[in-house]
Amino acid sequence: MIVHGSSISPFVRKVLVFAAEKGLACENRPTGLGPKSDEFMAISPFGKIPAFEDGDYKLCDSSAIVHYVDAAYAATPLIPADPKDRGRAVWFDEYADTIMFAAFAPIFWNRALAPRLKMPFDEALAAKAEAEAVPPVLAYLESIAPEAGAYLIGDSLSLADIAVCCPLVNGSYAGLTVDADKYPRAAAYTAAILARPSFATLIAADKAMMGF
Ligand SMILES: N[C@@H](CCC(=O)N[C@@H](CS)C(=O)NCC(=O)O)C(=O)O
């Protein structure tokens, strides 16, 4: 299995953590921003990361990829089979990829990544996202968060836990962590998920490479 794309992307991180939690060997080729090869564009026609290969099978989009991986390597499922739980897992993945990503991306870009890449950035956009977009996202997370060490769905780790923690990592690279005074359940629950080796290994590598 090959995952193309830098693990500083929350979408790439989701796929890498998902594969690690399933115990699957996975090669990461850290394609970043900028022009992509013809081979990459043949897998991901709009140039987005991640792109994925499993033998001859090629796929883009983190959610499509994890659904494929869970079905193809079914011994250690991370997407619930129960219809109601499965629906909730898809919702939490969607919440993470759209609402959470949109809240944290301006903070990550303008405070962490663009300055390091010597690209234009605008602190006002980060401050606006922190003031307006992040609070409802974290208030919702607080309302759904289980106890530390427990899971969003059922009694085992699922796509839901992996997905919602991925955008938070980008916030943390920009110095924005979940405030334990305001959001105690969310802070404790996400700290426990992010301490898992699947996340911790990637986070350590990102920090070493980028100086976050
Ligand atoms: N829905 C896609 C989103 C992928 C995405 O937006 N990736 C970003 C990186 S975080 C990207 O490739 N941006 C580069 C670009 O838009 O050209 C997924 O889940 O994989």
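Nothing here was measured: the structure is a model prediction, and the numbers come from that model.

The rules we used
- Residues numbered from 1 in each chain as written.
- Predicted model: local features only at pLDDT ≥ 70, side-chain atom pairs only at ≥ 80, totals over all residues.
- Heavy atoms only, no water.
- Salt bridge = Lys/Arg side-chain N within 4 Å of Asp/Glu carboxyl O.
- Near = heavy atom within 4 Å.
- Polar contact = N/O pair within 3.5 Å; in protein donor to acceptor, adjacent residues only side chain to side chain.
- Areas by Shrake-Rupley, 256 points an atom, 1.4 Å probe, with all protein chains shown as cover.
- Helix = DSSP H or I, 4+ residues; strand = E, 2+ residues; numbered from the N terminus.
- Expected span 1.5 Å × (residues − 1).
- Buried < 20%, exposed > 50% of the residue type's maximum accessible area, 1.4 Å probe, protein only.
- Arc of directions from axis to C-beta.
- Contact = heavy atoms within 4.5 Å.

A. Inspection of the pattern of salt bridges at higher detail. Across all of its chains, the model carries eleven salt bridges by this definition. Several salt bridges share partner residues, and in doing so they unite Lys14, Asp93 and Asp97 into one network.

B. Representation of the site of the ligand within the structure. Around the ligand lies a shell formed by Ser9, Phe11, Lys48, Ile49, Pro50, Asp61, Ser62 and Asp97. Take Lys48: an N or O atom from its side chain is 2.8 Å from an oxygen atom of the ligand. At 2.8 Å, a backbone N or O of Ile49 approaches an oxygen atom of the ligand. When the ligand sits alone it has 520 Å² of accessible area, and the protein chains cover 71% of it.

C. View of unusual backbone geometry. Here the bond from Ile49 into Pro50 is cis, since omega is 10°, no more than 30 degrees from zero. Mapped onto the fold, Pro50 is located in the loop between helix H2 (38-43) and strand E3 (51-54). The backbone of Asp61 sits at a positive phi, close to 80°, despite the residue not being glycine. Residue position: Asp61 is located in the loop between strand E4 (57-60) and helix H3 (62-72). At Lys118, a position not held by glycine, the phi torsion is positive, near 60°. Position of Lys118 among the secondary structure elements: in the loop between helix H4 (83-117) and helix H5 (123-144).

D. Structural context of helix H8 (residues 197-210). Compared with an ideal rise of 1.5 Å per residue, which puts 14 residues at 20 Å, H8 spans 20 Å between its outermost C-alpha atoms and is within 8% of the ideal. Burial in H8 covers these residues: Ser198, Phe199, Leu202, Ile203, Asp206 and Met210. Seen from one end, H8 has its buried residues packed into an arc of 115°, which puts them on one side. Exposed side of H8, more than 90 degrees from the buried face: Pro197, Thr201 and Ala208 are the residues found there. In this fold, the buried residues of H8 make contact with helix H1 (10-21), H4, helix H6 (159-173) and helix H7 (184-194).

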